Amino acid sequence: MRGKVSSQWRCRDDGRIDLAVTVPYNTEAEIWVPTQDKPDTAPRGVTHVRDHTSGGAPYKVYRAFAGSYRFNAA
């Protein structure tokens, strides 16, 4: 109703994860980025909310408003 939500990720040859997320107009989202307990790079416009573990895997959780975002995780 407010637009298309999308996320795409890929694992690079060096083991890092590239994550691209689109949040539609007039919406906010919680984005969970897998970190493998290594540093990640978050784009401008997102706010780190908390660190979390789910199923034994570590994540950084961000809040984002409408827009497109790219994350890089180790």
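Our structure's up above, just so we're on the same page.
None of the values given here were measured: they were computed from a predicted structure.

Caption draft 1: Quick look at the overall build of the protein chain. A count of helical and extended segments in the protein chain gives zero helices and five strands. Tracing the protein chain from N to C terminus, the helices and strands come up as β-β-β-β-β. A globule of 74 residues ought to have a C-alpha radius of gyration of about 11 Å, and the protein chain, at 12 Å, matches this closely. Reported as C-alpha extents along the three principal axes, the dimensions of the protein chain are approximately 35 × 25 × 25 Å. Burial analysis of the protein chain (74 residues in total) assigns 28% to the buried set.

Caption draft 2: Looking closely at the pattern of salt bridges. Counted according to the given criterion, the structure contains seven salt bridges. Note that lysine 60 is salt-bridged to aspartate 51, the shortest N-O span being 3.1 Å. When its relative accessible area of 23% is taken as the criterion, lysine 60 is described as partly exposed. The exposure class of aspartate 51 is exposed, given its relative accessible area of 51%. Here the residues in one salt-bridge network are Arg10, Arg12, Asp14 and Asp18, joined through shared partners.

Caption draft 3: Expanded view of the packing of aromatic side chains. The final tally for this structure, using the stated rule, is two aromatic pairs. Ring centres 5.6 Å apart and planes at 65° place the aromatic pair tryptophan 32 and tyrosine 59 in the edge-to-face group. Note that tryptophan 32 is positioned in strand β2 (residues 17-34) and tyrosine 59 in strand β5 (residues 57-73), a separation of 27 residues in sequence. Residue classification places tryptophan 32 among the partly exposed residues on the basis of a relative accessible area of 31%. Taking the relative accessible area as the measure of exposure, tyrosine 59 reaches 22% and is therefore partly exposed. When the centroid spacing of 5.3 Å and the interplanar angle of 40° are considered together, the rings of tyrosine 62 and phenylalanine 71 count as tilted. Of the residues examined, tyrosine 62 reaches a relative accessible area of 6% and is grouped as buried.

Calculation criteria
Residues numbered from 1 in each chain as written. Predicted model: local features only at pLDDT ≥ 70, side-chain atom pairs only at ≥ 80, totals over all residues. Heavy atoms only, no water. Helix = DSSP H or I, 4+ residues; strand = E, 2+ residues; numbered from the N terminus. Rg over C-alpha atoms; globule rule 2.2 N^0.38 Å. Buried < 20%, exposed > 50% of the residue type's maximum accessible area, 1.4 Å probe, protein only. Salt bridge = Lys/Arg side-chain N within 4 Å of Asp/Glu carboxyl O. Phe/Tyr/Trp six-rings, centres within 6.5 Å; stacked < 30°, edge-to-face > 60°.

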